[in-house]
Amino acid sequence: MRLRTFIIIAIFVTSSTDFLEAKGGSAYSRFGIGERFHLASVRSIGMGGASIALRGANHFNVANPASWSDFPVVQFSGSMYYQNIRSDDGVQSGGIGSGNINGAMLGLPILPSRGVTIALGFMPMSNLGYNIETRTDIPGGHQATKYIGNGGITNLAAGSSLQLHRTISIGAMALYRVGLLNYEWSNQFSIPGYGSAFTIRELDLRGVAGQFGVMYSGLLSPRRDGEYGPVTIGVTFTTPTRLNVEEEYKIVYGTGVDTTTVRTGTIELPYSVGVGISLRADQRNIFALDARYEPWDNYRRFGSADAHLRNATRIGFGWERLGRYDEIGAGFIERTTFRLGFLYNASYFNIHNQPINETFLTFGVGIPLSGVAVLDIGSQIGIRGTTENNLQRDTVFRLFFSLSLFERWFIPPIIE
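Residues numbered from 1 in each chain as written. Predicted model: local features only at pLDDT ≥ 70, side-chain atom pairs only at ≥ 80, totals over all residues. Heavy atoms only, no water.

A. Broad picture of the packing of aromatic side chains. For the structure on display, the rule yields nine aromatic pairs. Ring geometry for Y81 and F400: centres 6.2 Å apart, planes at 35°, overall tilted. Taken together, the residues Y81 in strand β2 (residues 74–88) and F400 in strand β18 (residues 393–407) connect sequence positions 319 residues apart. Side by side, Y81 and F400 carry an identical accessibility label, which is buried. Taking 4.6 Å as the distance between ring centres and 35° as the angle between the ring planes, the aromatic pair formed by Y348 and F349 counts as tilted. (Phe/Tyr/Trp six-rings, centres within 6.5 Å; stacked < 30°, edge-to-face > 60°. Helix = DSSP H or I, 4+ residues; strand = E, 2+ residues; numbered from the N terminus. Buried < 20%, exposed > 50% of the residue type's maximum accessible area, 1.4 Å probe, protein only.)

B. Unusual backbone geometry, seen in detail. At F302, a position not held by glycine, the phi torsion is positive, near 55°. Here F302 lies in the loop between β13 (300–301) and β14 (312–321). You will see that N390, though not glycine, has its phi angle at about 60°, which is positive. By secondary structure assignment, the location of N390 is in the loop between β17 (373–385) and β18.

C. The pairing of strand β15 (residues 337–351), seen in detail. Most of β15 sits out of view: eleven of its 15 residues are buried. In terms of strand pairing, β14 meets β15 through nine bridges, oriented antiparallel. Paired with G318 across the two strands is G341, which belongs to β15. Examined bridge by bridge, β15 and strand β16 (residues 354–370) share twelve bridges and lie antiparallel to one another. Bridge assignment links G341 to a residue of β16, and that residue is T362. Between β15 and β16, which follow one another and run antiparallel, lie two residues, and H352 among them has a positive phi close to 55°. (Pairing = 2+ DSSP bridges.)

D. Structural detail: the pattern of salt bridges. For the structure on display, the rule yields 15 salt bridges. With a closest N to O distance of 2.7 Å, R242 and E268 form a salt bridge. With R242 in strand β9 (residues 241–253) and E268 in strand β10 (residues 258–269), this pair connects stretches of sequence that are 26 residues apart. When salt bridges with common partners are traced through the structure, they connect E35, E358, R384, D394 and R398 into a single cluster. (Salt bridge = Lys/Arg side-chain N within 4 Å of Asp/Glu carboxyl O.)

E. The nonpolar core, seen in detail. Core analysis: the biggest nonpolar cluster contains 25 residues, and I33, L205, I267, L269, W296 and F349 have the highest contact counts within it. Elements supplying a minimum of two residues to this core: β4 (116–138), β6 (168–189), β7 (197–216), β9, β10 and β15. Filtering out sequence-adjacent residues up to four positions away, L269 remains in contact with I33, M125, R177, P240, T241, L243, W296 and Y299. Ranked by size, the runner-up nonpolar core spans eleven residues in total, among them V62, W68, L175 and A209. (Core = buried A, V, L, I, M, F, W, Y, C linked by side-chain atoms within 4.5 Å. Contact = heavy atoms within 4.5 Å.)

F. Fine view of the pairing of β18. With 15 bridges connecting them, β2 and β18 associate as antiparallel partners. Counted as the bridge partner of Y82 is L399 from β18.

This is the structure:
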């Protein structure tokens, strides 16, 4: 299948899929803007999320737009995921599974000799997805309270890269952030005569941010088998965002009477900064380390801070062993790329003065399907949170898939 045909199909699929709506997630996503996503590429998922200093023309790295300067041909990448969360509050436990399209990117290298690539696409920023029910015994029956949330924020992206020097690349990306956050609360009684009630709060959000990145690979001289030096340093910065918000708040009583109010305002999101380093130890082995920071002390919702949030730090480390996919006659295992990593995330949640941290082990493979396609599979398994202070501990398993296709479009005509 030609790349142009695949892209047309992918655009149809994504446009007909509500990729802004979360399909399931953690109870912690009740707070802030939901559970934060930091997906750079499925390649980086297998490497503990490390990506800021990862070079390479065979994956679409949205963590650092400077990496797009490596693209020699047009590249399209689309991804999806499945996750299963098992939650335990120390008394009872339950699980939920969900899956969805995760994002898509198209890169057009219009001047490969100078590293000029234009990129378009979308990727998730946050996920709101929970369904919690509590029952309280009261005289003559019980009271059932439900909390339901769904939605999320998506980044629509457009950017470009440029090679300033053989060892220095820069990139920039404009992010249009759009989303719906829907919160529902209901209170019902099993006793005749007791009235029920529920509320719906829906937030429609829109705003703009910018992301900038740089990569430097000139610390050491290139080996004979490489174009760049073996060590690459990367830095990224994402600007703060002011989201314009329209909130509709509705209260419905069991009598059928309801009241609706609408207000407008802003949500202030903090900046994000990240640094990374990668080492290509030899022709096949690559090591990468990332650190990211977001000061959520700066978060404001309709002018008010949120005591449930704190500054977030994220550290990932990974290893990759490249397959011999260019060697004629190499077997399947020899052609497959293998990845392993570790991720620690001091998340931006701080519930009941209890920091919510995450630790993950990660695994991944890259499988060349043909000369113009690569299937990447990445997985995360880990723990989030604690059962202390009446909180919950989540055991999380995620599986990511991405398909990358490559094709040369801009071929000058032969003049006879």
